[in-house]
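# Secondary and tertiary structure notes
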Amino acid sequence: MTGKTAIFLFIAIFAVLAGTVAAEELFGIEVYPGAKADPETTKFLQENLKVNGAAFRTNDPVEKVTDFYKNQPNLKAIGILDESAVFKKGDSVELTIQNPWRDMKTSRTNNDTLISIVSQ
């Protein structure tokens, strides 16, 4: 193997490994791909509602997010509507999906999708 071939092989392997990032999980539930953490809503959940958990946001519609979680083997659908869905994992972990949703701190209505994963 020449030096150029070895460098090319190293770069190719690195590119593959860099693209294979493990999915983020919370309480054994995969965070929806591409969803971004919402620190302010997470803080509200933890401080005001006294639950251990986090909130995430995506521009994907509720139906698409719900379809993703329907295929997770460790989740049970509790209720699925056009604008929201609730799933449970065991007795203590709950996942909610909402769009639109109201920011409890500002009372502002948001039109992206909120995903909350909490353990009670």
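Since we're looking at a predicted model, the values are computed, not measured.

## Topic: helix 3 (residues 62-70)
Along helix 3, the residues that are buried comprise V62, V65, T66, F68 and Y69. Relative to the axis of helix 3, the buried residues are bounded by an arc of 155° and lie together on one face. The secondary structure elements touched by the buried residues of helix 3 are strand 2 (29-30), strand 4 (52-58), strand 5 (76-80), strand 6 (84-89), strand 7 (93-98) and strand 10 (113-119).

## So, the confidence of the model for the protein chain
When pLDDT is averaged along the protein chain, the result is 85; 81% of the residues meet or exceed 70. A low-confidence stretch, residues 5-22 stays under pLDDT 50, and its non-local contacts, those more than four residues away or across chains, total two contacts.

## Re the environment of I115
Take I115: it is sitting in strand 10. Sequence separation between I115 and Y32 is 83 residues; the distance between their C-alpha atoms is 8.1 Å. With near-sequence residues (within four places) excluded, I115 lies in contact with Y32, A35, A54, A55, F56, T58, V65, Y69, L95 and T96.

Reading the values: rules and limits
Residues numbered from 1 in each chain as written. Predicted model: local features only at pLDDT ≥ 70, side-chain atom pairs only at ≥ 80, totals over all residues. Heavy atoms only, no water. Buried < 20%, exposed > 50% of the residue type's maximum accessible area, 1.4 Å probe, protein only. Helix = DSSP H or I, 4+ residues; strand = E, 2+ residues; numbered from the N terminus. Arc of directions from axis to C-beta. Contact = heavy atoms within 4.5 Å. pLDDT = per-residue confidence, 0-100.

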